[in-house]
Amino acid sequence: MTAAVFSIQPEQVIIAMDTLAMAGDTGRPFFFTTKFYILPHLQGVMFATGIGDLASRWFTQLERYLARDIHHLDNYVTPALRDLGNEFGLNEELTTTVYHVGYSEEESRYVGFAYRSTDSFASERLEYGLRVKPAVEVQHSENFPDDFVAIMKKQKEIDDQKPMSERVHIGGEIHLLLMQEGSMVVRTVHRFDEYNGLYLEMCEQLSNSPTEI
């Protein structure tokens with residue numbers, strides 16, 4: 001699972017996500033990874049919360065669709081994600097939400113869509129505004145990018161207090177994507193204090209593994 005803080009406005013999109021990936025079988029930190037997938041040929045980006053392997057698989061499938069942009073792609077998404085969800089055995093407890101955000105040539109503005117496994121991946125047009133997953137109370141002052149860092153720090157603070165089995169497990173770094181005026185800029189805006197310790201733990205697991213990854 002992951003943390004996501006994102007703002008969709010007609011003239012710009014800002015997305016912040018952490019980079020920590022946990023091993024599903026052991027619940028231990030496994031590797032650092034990029035959690036949003038930039039799609040310049042579709043003038044947008046894809047990201048997800050829930051099953052990381054499903055998101056990465058979906059990214060590799062997106063090249064199969066002839067679409068001009070994220071808005072056009074929306075015509076094909078739901079049945080394909082339903083098939084993928086069935087393959088991964090998603091259910092009421094094992095869920096995933098996929099997000100597509102990008103520029104719409106039809107509307108000449110940025111738009112966003114959510115596809116939730118809990119709703120059979122039906123297309124949901126997102127309203128403009130700020131979204132925070134997991135949800136926390138925030139004070140958003142348009143102080144970019146400090147607001148996004150502060151929000152995710154709060155998410156992590158709350159998450160770290162939960163039992164291990166209930167945590168989202170937020171960590172690594174915060175990567176931030178800014179889309180505006182036809183450009184996409186990615187920045188690393190924060191590194192959490194536990195980064196080095198997590199890295200050493202990952203290296204230890206790798207050295208003790210009989211197979212390479």
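Computed from a prediction, not measured in an experiment: that's the story for all the values here.

**Some details on the environment of alanine 114**
Part 1 of the reasoning: By the element assignment, alanine 114 lies in strand E8 (residues 109–116).
Part 2 of the reasoning: Judged by its relative accessible area of 0%, alanine 114 falls in the buried class.
Part 3 of the reasoning: Note: C-alpha distance between alanine 114 and asparagine 86 (28 residues apart in sequence) is 18 Å.
Part 4 of the reasoning: Discounting residues that sit within four places of it in the chain, alanine 114 has contacts with Thr97, Val98, Tyr99, Ala122, Ser123, Glu124 and Leu126.

**Describing the pairing of strand E1 (residues 4–9)**
Part 1 of the reasoning: Along E1, five of the six residues are buried, which leaves the element largely enclosed by surrounding structure.
Part 2 of the reasoning: Taken together, the six bridges between E1 and strand E2 (residues 12–18) define a ladder with antiparallel strand orientation. The residue of E2 that forms the bridge with phenylalanine 6 is isoleucine 15.
Part 3 of the reasoning: Between E1 and E2, which pair antiparallel and follow one another directly, the connecting turn spans two residues.
Part 4 of the reasoning: Pairing analysis gives five bridges linking E1 to strand E10 (residues 129–133), with the strands arranged antiparallel. Counterpart to serine 7 in the pairing with E10 is leucine 130.

**A short note on the packing of aromatic side chains**
Part 1 of the reasoning: Taken as a whole and judged by the stated rule, the model has nine aromatic pairs.
Part 2 of the reasoning: When the centroid spacing of 5.1 Å and the interplanar angle of 70° are considered together, the rings of phenylalanine 6 and phenylalanine 47 count as edge-to-face. Note that phenylalanine 6 is positioned in strand E1 and phenylalanine 47 in strand E6 (residues 44–49), a separation of 41 residues in sequence.
Part 3 of the reasoning: The interplanar angle of 15° and the centroid separation of 4.9 Å between the aromatic rings of phenylalanine 47 and tyrosine 99 together place this pair among those described as stacked. With phenylalanine 47 in strand E6 and tyrosine 99 in strand E7 (residues 97–104), this residue pair connects regions lying 52 residues apart in the sequence.
Part 4 of the reasoning: Looking at tyrosine 99, the relative accessible area reads 2%, which means it is buried.
Part 5 of the reasoning: Of the aromatic side chains, those joined through ring pairs into one cluster are Phe6, Phe47 and Tyr99.
Part 6 of the reasoning: The lysine or arginine in question, lysine 156, covers the ring of phenylalanine 192, its NZ or CZ lying 5.5 Å from the ring centre.
Part 7 of the reasoning: One residue, arginine 191, lies across the ring of tyrosine 195, its end atom 3.8 Å from the ring centre.

**What to know about the sheet that holds E6**
Part 1 of the reasoning: Strand order in the open sheet made by the five strands is E5-E6-E7-E8-E9, with antiparallel pairing throughout. One side of each edge strand has no neighbouring strand; the edge strands of this open sheet are strand E5 (36–39) and strand E9 (123–125). Between one strand axis and the next, the sheet turns by 20° as a mean value, whatever way the strands run.
Part 2 of the reasoning: As defined by bridge partners, E6 adjoins E7 across six bridges and the pair is classed as antiparallel. Opposite phenylalanine 47, over in E7, you have tyrosine 99 as the bridge partner.
Part 3 of the reasoning: On the sheet, helix H1 (residues 52–61) packs against E5, E6 and E7 and is oriented at approximately 10° with respect to E5.

**Brief notes about the side chain of threonine 97**
Part 1 of the reasoning: Tracing the backbone shows threonine 97 in strand E7.
Part 2 of the reasoning: Look past the residues within four positions of threonine 97 in its chain and what remains in contact with it is Phe47, Ala48, Thr49, Ala114, Tyr115, Arg116 and Lys133.

**As for the sheet that holds E2**
Part 1 of the reasoning: Across the sheet, five strands lie side by side as E10-E1-E2-E11-E12; this open sheet has antiparallel pairing. In this open sheet, the two edge strands, each paired with only one partner strand, are E10 and strand E12 (183–191). Between one strand and the next, the sheet's axes are offset by a mean angle of 15°, whatever the strand orientation.
Part 2 of the reasoning: Two elements, E2 and strand E11 (residues 173–180), share seven bridges in a ladder whose sense is antiparallel. Paired with glutamine 12 across the strands is glutamine 180, a residue of E11.

Here is what the cut-offs are and how they apply
Residues numbered from 1 in each chain as written. Predicted model: local features only at pLDDT ≥ 70, side-chain atom pairs only at ≥ 80, totals over all residues. Heavy atoms only, no water. Helix = DSSP H or I, 4+ residues; strand = E, 2+ residues; numbered from the N terminus. Buried < 20%, exposed > 50% of the residue type's maximum accessible area, 1.4 Å probe, protein only. Contact = heavy atoms within 4.5 Å. Pairing = 2+ DSSP bridges. Phe/Tyr/Trp six-rings, centres within 6.5 Å; stacked < 30°, edge-to-face > 60°. Lys NZ or Arg CZ within 6 Å of the ring centre and 35° of its normal. Axes fitted to C-alpha atoms, helices over the stretch in contact; angles between N-to-C directions.

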